[in-house]
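Coordinates in review
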Amino acid sequence: AEYESATQVDPTDASAFYNLGLAQKGARNFDSAREAFQTAVELDAKYAKAHRALGDLNRETKRDSEAIAAYLKAISSDPNCEDKGNINAYMNLAVLYNETKQHDKAASILQKAAAVAPSSKTKVTVYTAWGHARFLQKDYSRAVESYNQALAIDSKNAEAHYRMAAAQFELKDY
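The following refers to the structure shown. All figures in this text were calculated on a predicted structure; none of them were measured in a lab. (Residues numbered from 1 in each chain as written. Predicted model: local features only at pLDDT ≥ 70, side-chain atom pairs only at ≥ 80, totals over all residues. Heavy atoms only, no water.)

**A word on the packing of helix H6 (residues 87–99) against helix H8 (residues 120–136)**
Contact geometry of H6 with H8 gives a least axis separation of 11 Å together with a crossing angle of 15°. As judged from the angle between their axes, H6 and H8 are roughly parallel. In this structure, H6 meets H8 at a crossing whose hand is left-handed. Each of Ile 87, Met 91 and Asn 98 in H6 lies in contact with H8, whose residues at this interface are Thr 122, Thr 125, Val 126, Ala 129, His 132, Ala 133 and Leu 136. Broken down by class, the residue content of the contact of H6 with H8 amounts to 6 nonpolar, 4 polar and no charged. (Axes fitted to C-alpha atoms, helices over the stretch in contact; angles between N-to-C directions. Helix = DSSP H or I, 4+ residues; strand = E, 2+ residues; numbered from the N terminus. Parallel < 35°, antiparallel > 145°, perpendicular 65-115°, else oblique. Left-handed = near helix turned anticlockwise from the far one by under 90°. Contact = heavy atoms within 4.5 Å. Nonpolar A, V, L, I, M, F, W, Y, C, P; charged D, E, K, R; others polar.)

**So, the nonpolar core**
By size, the foremost hydrophobic cluster in this structure holds 35 residues, and its most contacted members are Ile 87, Tyr 90, Leu 93, Ile 109, Leu 110 and Val 126. Of all the secondary structure elements, the ones that give two or more residues to this core are helix H5 (64–77), H6, helix H7 (103–116), H8, helix H9 (140–153) and helix H10 (158–170). Here the element with the most residues in this core is H6; it accounts for 8 residues. Filtering out sequence-adjacent residues up to four positions away, Leu 93 remains in contact with Ile 68, Tyr 71, Leu 72, Ile 75 and Ile 109. (Core = buried A, V, L, I, M, F, W, Y, C linked by side-chain atoms within 4.5 Å. Buried < 20%, exposed > 50% of the residue type's maximum accessible area, 1.4 Å probe, protein only.)

**Looking at unusual backbone geometry**
In this structure, Cys 81 is a non-glycine residue whose phi angle is positive, near 55°. By secondary structure assignment, the location of Cys 81 is in the loop between H5 and H6. Given a relative accessible area of 5%, Cys 81 falls into the buried group. In this structure, Lys 101 takes a positive phi of about 60° despite not being glycine. Assignment of secondary structure puts Lys 101 in the loop between H6 and H7. According to the relative accessible area criterion, Lys 101 is exposed, its value standing at 66%.

**Section: the side chain of Lys 25**
With respect to the helices and strands, Lys 25 occurs in helix H2 (residues 14–26). Excluding anything up to four places from it in sequence, Lys 25 contacts Phe 30, Ala 33, Asp 56, Leu 57 and Glu 60.

**Overview of the packing of aromatic side chains**
This model, assessed by the stated rule, comprises 5 aromatic pairs. Taking the centre distance of 5.5 Å and the plane angle of 50° together, the rings of Tyr 18 and Tyr 47 count as tilted. Residue Tyr 18 is located in helix H2, and its partner Tyr 47 is located in the loop between helix H3 (30–43) and helix H4 (48–60); the two are separated by 29 residues in the primary sequence. A relative accessible area of 11% places Tyr 18 in the buried class. The class of Tyr 47 is buried, set by a relative accessible area of 16%. Taking 5.1 Å as the distance between ring centres and 65° as the angle between the ring planes, the aromatic pair formed by Phe 135 and Tyr 140 counts as edge-to-face. The rings of Tyr 18, Phe 37 and Tyr 47 are connected pair by pair, giving a single aromatic cluster. (Phe/Tyr/Trp six-rings, centres within 6.5 Å; stacked < 30°, edge-to-face > 60°.)

Right, here's the structure in full:
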């Protein structure tokens, strides 16, 4: 109710609509949430967080093409992840690309994500995901390269080790 009041007090405040969207999503009012996020990005076309939230909502409600478009707008609005959370737009977009068998696009977006990942921990996650995208492309040698990059940062990362083993198995590198 308070977020709705805030949008009435200042109907040009994109953050009020973003917050309303989060509240509506939390209450599982997905259509109202989508409308609020869309209003937020109409008011501020460069509002990466709102584009990302719209992408997340669309992904959760199985609107993949709309989710992809929203994530691409989030990335173009904040390509260098000034908002550290925007790395999730890259990651979620890559997941969608992989789920829709667009592995080349997933690998490409993860390559860009690796260049802008805001922390070492995030870089490990990105490199591991990049390796997985390459694995799905059946490019096992390059998958190993990505996993090695993850392990160079965190040599104890279990997921990178596990995925590395799977790629090496495919290469018959026991």
